[in-house]
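Fold and contact review
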Amino acid sequence: MERLLFVCPSTGQGVDVGIESDIGTLLRIRRNTVCAKCPACGQMHEWRVGDARLTRAAESSEIRPTPDHNPDRGARANPPITA
């Protein structure tokens, strides 16, 4: 089971409203909606289940900088190969 993450339409923040699902159930109910109080802005929102992200998938899609990453070039700087 994983928690579902939604996006607050007011702030654009990812929010966890306390709903867990497995992928099979998520696929079956993806057209349903969820209404919950948003922890980011305090308002009630209605989200489509299919718009949710699973927590593990969301965590793995985050970009994690590495020491050899140069954001100015948009590519990894590789050390020279010596023979």
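Residues numbered from 1 in each chain as written. Predicted model: local features only at pLDDT ≥ 70, side-chain atom pairs only at ≥ 80, totals over all residues. Heavy atoms only, no water.

Focus: the overall build of the protein chain
A tally of regular secondary structure across the protein chain gives 2 helices and 7 strands. The secondary structure elements of the protein chain, listed N-terminal to C-terminal, are β-β-α-β-β-β-α-β-β. Relative to its full complement of 83 residues, the protein chain shows a buried share of 20%. A separation threshold of at least 6 residues defines the contact pool for the protein chain, and within that pool the share at least 24 residues apart is 38%. Surface accessibility of the protein chain: about 6300 Å² in total, with carbon and sulfur atoms responsible for 51%. (Helix = DSSP H or I, 4+ residues; strand = E, 2+ residues; numbered from the N terminus. Buried < 20%, exposed > 50% of the residue type's maximum accessible area, 1.4 Å probe, protein only. Contact = heavy atoms within 4.5 Å. Areas by Shrake-Rupley, 256 points an atom, 1.4 Å probe, with all protein chains shown as cover.)

With respect to the state of the cysteines
Under the defined criterion, the tally for this structure stands at 0 disulfides. For the unlinked cysteine C8, the closest cysteine sulfur is that of C38, found at 3.6 Å. (Disulfide = S-S within 2.5 Å.)

Quick look at the packing of aromatic side chains
Under the counting rule described, the total for this entry stands at 1 aromatic pair. Relative to W47, the ring of F6 lies with its centre 5.1 Å away and its plane at 25 degrees, an arrangement referred to as stacked. Here the residue F6 occupies a position in strand β1 (residues 2–7), and W47 occupies one in strand β4 (residues 44–48), the gap between them amounting to 41 residues. Accessibility assignment for this pair places F6 and W47 in one class, buried. (Phe/Tyr/Trp six-rings, centres within 6.5 Å; stacked < 30°, edge-to-face > 60°.)

Observations concerning the nonpolar core
One finds L4, F6, C8, V15, L26, V34, A36, C38, W47, V49, A52 and L54 forming the largest nonpolar core, which totals 12 residues. Of all the elements in the fold, those that place two or more residues in this core are β1 and β3 (33–37). With residues up to four places along the chain from it excluded, the contact list for L4 reads V15, D16, V17, I19, S21, L26, A52, R53 and L54. (Core = buried A, V, L, I, M, F, W, Y, C linked by side-chain atoms within 4.5 Å.)

With respect to the pairing of β3
Residues of β3 alternate between two faces, with V34 and A36 buried on one and T33, C35 and K37 left unburied on the opposite face. When β3 meets β4, the two strands line up antiparallel, connected through 5 bridges. The residue of β4 that forms the bridge with T33 is R48. Where β3 hands over to β4, the hairpin turn is made up of 6 residues, of which G42 adopts a positive phi near 85 degrees. (Pairing = 2+ DSSP bridges.)

Comments concerning the environment of R30
Structurally, the position occupied by R30 is in the loop between α1 (23–28) and β3. The contact partners of R30, leaving out residues within four places of it in the chain, are R48, V49 and G50.

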